[in-house]
Amino acid sequence: GADAPRAPVATPPATAKEFYEEVMRRKADDHRASHSNCVNQFMHLVSSSIFIVNYFTIWTHCSATMGFGLFSLFLRQSGHAIFEPPCHDEEELLLGFNTRSKCFVVAGYTLAPIITLLQLSNTVNLVQALEPVARSWLFVTLFFVLGHTSLLWMQYGFKIAMVWLPKLGTDP
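Owing to the predicted nature of the structure, the values given are computational and were not obtained by experimental measurement. (Residues numbered from 1 in each chain as written. Predicted model: local features only at pLDDT ≥ 70, side-chain atom pairs only at ≥ 80, totals over all residues. Heavy atoms only, no water.)

### Regarding the overall build of the protein chain
Within the protein chain, the regular secondary structure consists of seven helices and zero strands. Reading the secondary structure of the protein chain in the N-to-C direction produces α-α-α-α-α-α-α. Dimensions of the protein chain, computed from C-alpha atoms along their principal axes, come out at roughly 55 × 35 × 35 Å. Across the 172 residues in the protein chain, those meeting the buried criterion constitute 36%. Of the contacts formed within the protein chain by residues at least 6 apart in sequence, a portion of 71% connects residues at least 24 apart. (Helix = DSSP H or I, 4+ residues; strand = E, 2+ residues; numbered from the N terminus. Buried < 20%, exposed > 50% of the residue type's maximum accessible area, 1.4 Å probe, protein only. Contact = heavy atoms within 4.5 Å.)

Here it is in C-alpha cells:
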C-alpha cells in the first residue's frame, strides 16, 4: 500500500563502466537526499578531510585515528540532524544507513568503550585503556561496514553490495 516502505532501485551493473556509473549515481542520490544545506556541506568537507588522513594513520596511530574519526563522524551526523530538513522519504531509496540504522551505529560506538572499560576493570589506567578502546571502535566500524555490505548482498545481490562498498569508502 501507500504506507509500505519503498525499496531502492537496485540494478546490478554488468560492465566496469556501468559499475562506475552506478557508484557515481549512488553518490549523487545521497547528496540530493541529505546534503543540501551549505553548513552541512562545509561540515562534510571538514569531516571528509579528517577521514582521508585517517585512512593513512589507522595502522600506525590507532588511538588518535579513532578519536579523530569519531569526532569527524559526530560532526558529519550532527550536520544532518541540525541543518538538514527531515529526509526519511529520500533515505528509503538509498542503499546506505538510514536514520534507524544510524541509531544502532551510535549505540555501538557508545557501548564499545563501556564494555571494553568494564572488561579492563581496574587493571589499567585511563591512558593504557585508550588503545583497547580505539581497537574496540575499529572493530565496531568493521562490523557495521561488513555487516551492512552483507545485508545488501542478501537483499540485492553481490554486485549491488559491491557498488555500495566503494561508494562508502570513497565518500568518507
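Back to the text.
### Quick notes on the side chain of T116
Relative to the helices and strands, T116 is located in helix α5 (residues 99-120). Setting aside anything within four residues of it in sequence, one finds T116 in contact with P132, V133 and S136.

### Focus: the confidence of the model for the protein chain
With 90% of its residues at a pLDDT of at least 70, the protein chain reaches an overall mean of 84. Confidence scores differ between elements of the protein chain, with helix α4 (residues 88-91) showing the lowest mean pLDDT of 66 and helix α2 (residues 38-57) the highest of 92. (pLDDT = per-residue confidence, 0-100.)

### Some words on a nonpolar patch on the surface
Taken together, the side chains of L111, I114, I115 and L118 define a hydrophobic patch exposed on the protein surface, amounting to about 390 Å² of accessible area. On the secondary structure map, I115 appears in helix α5. (Patch = residues over 30% accessible without salt bridge, like charges linked within 9 Å, V, L, I, M, F, W, Y side chains within 5 Å. Areas by Shrake-Rupley, 256 points an atom, 1.4 Å probe, with all protein chains shown as cover. Salt bridge = Lys/Arg side-chain N within 4 Å of Asp/Glu carboxyl O.)

### Thoughts on the pattern of salt bridges
Scanning the model with the defined rule gives six salt bridges in all. Here K17 makes a salt bridge to E21, at a shortest N to O gap of 3.5 Å. Pair noted here: K17 and E21 are both in helix α1 (residues 16-34), with a separation of four residues, about one helical turn. Residue E21 is classed as partly exposed on the basis of its relative accessible area of 39%. For the salt bridge of D30 with K167, the shortest nitrogen-to-oxygen distance reads 3.3 Å. One end of the pair, D30, is in helix α1; the other, K167, is in helix α7 (residues 158-169), with 137 residues separating them in the sequence. We note that D30, like K167, is buried. Within this structure, E22, R25, R26 and D29 form a network of salt bridges that share partners.

### Overview of the nonpolar core
In this structure, I58, C62, M66, Y109, W137, L138 and V140 are the most contacted members of the largest nonpolar core, which totals 13 residues. Elements with a contribution of two residues or more to this core: α3 (62-83), α5 and α6 (126-156). Here this core gets six residues from one element, more than from any other, and that element is α6. Those residues within four positions of L138 in sequence are excluded, and the remaining contacts are I58, C62 and M66. (Core = buried A, V, L, I, M, F, W, Y, C linked by side-chain atoms within 4.5 Å.)

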